[in-house]
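As a plain string of letters, each chain reads:
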Amino acid sequence: MTAAALKETKADVIALQEVESNGTLRTFRSRYLGGRKKYREYLVIDGNDYLRLIDVGILSSFHIENIRTHMHDMNEQTKKLVFSRDCLECDIVLPDNKRLTLFINHFKSMYNPPDPCNGRAKTHDKRVIQANKVKEIVQARFPNGNGDFVILGDLNDYMDSNSSITDLVNWNKVENVVNRLPSEERWTQYWEGNKKCHLDETYHQLDYILLSKSLAEKNADAIPTIMRKGLPKKAKLYKGPWLKGLGNKAASDHCPVAIKLSI
């Protein structure tokens, strides 16, 4: 079902979260996505989530180079690792030797086992540190903020007055292209809620494609798509068709977000 959801996007390059290993991704590509003929290259670097083994990765129809991990980046104040998984930096080599630089992320979850009823607040500061570090990484690579780059992935928070990712999403060097959709269509994740905590189901944007301003300007008419056919059928806000064979399963509680760009 996850592969079926990804194929619906017709994407040439896919940024992934919660991938166990290179072997897992290679097998997934081979069995369900058309193998090397469809996605020439793939990449997963073991990150910092040693218990769950959920790493960020990439599938690409084009060559990947200038690969850089930030899993060892430390925060000077906390003396702890910045990223829960990694910020995976790499270049996609396109025809005519054009380059698109990706910064692939999976920020700290809003789930907090010691206090599940206040998970978002309890994990807020960790995501602030991660968001600020991503800005620092991007500025080191693109000092003036100009260039063809994308910050993307599961940032594990939504935008409101208490958001931990405001400074990154509203950064004047990028555009959150999901905002090009009508406000009622911007959600990318369904959460069933928590009855014990008296928390109702929610529909929020947790998954982001942040284009550099220069890239966004070159693609001013590009509208993203949010593919919801693989959601759990309990997601009642979604009124569209489901993936064939979905049944009581789900591709994910997150929706693939895709956009077609000219570089």
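Refer to the structure above for everything that follows.
Computed from a prediction, not measured in an experiment: that's the story for all the values here.

(A) Just the overall build of the protein, in detail. Helix and strand counts for the protein stand at six helices and 13 strands. Taking 263 residues into account, the globule formula puts the C-alpha radius of gyration at 18 Å, and the protein, at 18 Å, falls close to it. In terms of its C-alpha atoms, the protein occupies a principal-axis envelope of roughly 55 × 50 × 40 Å. A buried classification covers 48% of the 263 residues belonging to the protein.

(B) Region of interest: the sheet that holds strand 1 (residues 13–19). Spatial ordering of the open sheet is given by 1-3-2, a layout of three strands whose pairing is antiparallel. The sheet is open, and its two borders are formed by strand 1 and strand 2 (41–44), each paired with just one other strand. If you compare each strand with its neighbour and ignore which way they point, the axes differ by 15 degrees on average. As paired elements, strand 1 and strand 3 (residues 55–60) share five bridges and run antiparallel to each other. In the strand pairing of strand 3, L16 is matched with G57. Set on the sheet, helix 2 (residues 22–32) makes contact with strand 1, strand 2 and strand 3; between it and strand 2 the angle comes to about 150 degrees.

(C) Broad picture of the side chain of N156. Tracing the sequence through the fold places N156 in the loop between strand 7 (149–154) and helix 5 (166–169). The class for N156 is buried, based on a relative accessible area of 7%. Among the polar contacts listed, one links the side chain of N156 to the backbone oxygen of F107, at a separation of 2.9 Å. Not counting chain neighbours up to four residues away, the residues in contact with N156 comprise R85, H106, F107, K108, S109, M110, R127 and L206.

(D) Quick look at the nonpolar core. The biggest cluster of nonpolar side chains holds 29 residues, and the ones touching the most others in it are I58, L102 and V150. When residues of this core are traced back to their parent elements, those giving at least two are strand 3, strand 5 (87–94), strand 6 (98–106), strand 7, strand 11 (207–212) and helix 6 (213–218). Per element, the largest residue contribution to this core is four residues, and it comes from strand 5. Listed in part, the 20 residues of the second largest apolar core include F83, L168, W171 and Y208.

(E) Local environment of the packing of aromatic side chains. In this structure the tally under the stated criterion is seven aromatic pairs. Ring centres of F28 and Y32 lie 5.8 Å apart, and the angle between their planes is 50 degrees; on these two criteria the pair is classed as tilted. Taken together, the positions of F28 and Y32, both in helix 2 and four residues apart, correspond to about one turn of that helix. Assessed through its relative accessible area of 19%, F28 is described here as buried. Ring geometry for W187 versus Y203: centroids 4.9 Å apart, planes at 80 degrees, classification edge-to-face. Taken as a pair, W187 in the loop between strand 8 (174–176) and strand 9 (189–191) and Y203 in strand 10 (residues 202–204) lie far apart in primary sequence, 16 residues in all. Considered together, W187 and Y203 belong to a single accessibility category, that of buried residues. These aromatic residues form a ring-pair network of at least three members: F103, F142 and F149.

(F) Seen up close, unusual backbone geometry. The backbone of N66 shows a phi angle near 55 degrees, a positive value even though the residue is not glycine. Relative to the helices and strands, N66 is located in strand 4 (residues 63–68). Of note in this structure, N156 is not a glycine but carries a positive phi near 55 degrees.

(G) Structural view of the sheet that holds strand 11. An order of 4-5-6-7-11-8 is seen for the six strands of this open sheet, with the pairing classed as mixed. Across the chains shown, the open sheet's two edge strands, defined by having one partner strand only, are strand 4 and strand 8. Neighbour-to-neighbour, the strand axes of this sheet turn through a mean angle of 25 degrees, independent of strand direction. Bridge count between strand 6 and strand 7: six bridges; the pairing is parallel.

(H) Up close: the state of the cysteines. Overall, the coordinates contain one disulfide when judged by the stated rule. For C117, the disulfide goes to C197, at an S-S distance of 1.9 Å. Here C117 and C197 share a disulfide; its torsion about the S-S bond, -75 degrees, makes the bridge left-handed. Within this pair, whereas C117 is found in the loop between strand 6 and helix 4 (119–141), its partner C197 is found in the loop between strand 9 and strand 10, the two being separated by 80 residues in sequence. For C197, a relative accessible area of 13% translates into the label buried.

What counts as what
- Residues numbered from 1 in each chain as written.
- Predicted model: local features only at pLDDT ≥ 70, side-chain atom pairs only at ≥ 80, totals over all residues.
- Heavy atoms only, no water.
- Helix = DSSP H or I, 4+ residues; strand = E, 2+ residues; numbered from the N terminus.
- Rg over C-alpha atoms; globule rule 2.2 N^0.38 Å.
- Buried < 20%, exposed > 50% of the residue type's maximum accessible area, 1.4 Å probe, protein only.
- Pairing = 2+ DSSP bridges.
- Axes fitted to C-alpha atoms, helices over the stretch in contact; angles between N-to-C directions.
- Contact = heavy atoms within 4.5 Å.
- Polar contact = N/O pair within 3.5 Å; in protein donor to acceptor, adjacent residues only side chain to side chain.
- Core = buried A, V, L, I, M, F, W, Y, C linked by side-chain atoms within 4.5 Å.
- Phe/Tyr/Trp six-rings, centres within 6.5 Å; stacked < 30°, edge-to-face > 60°.
- Disulfide = S-S within 2.5 Å.

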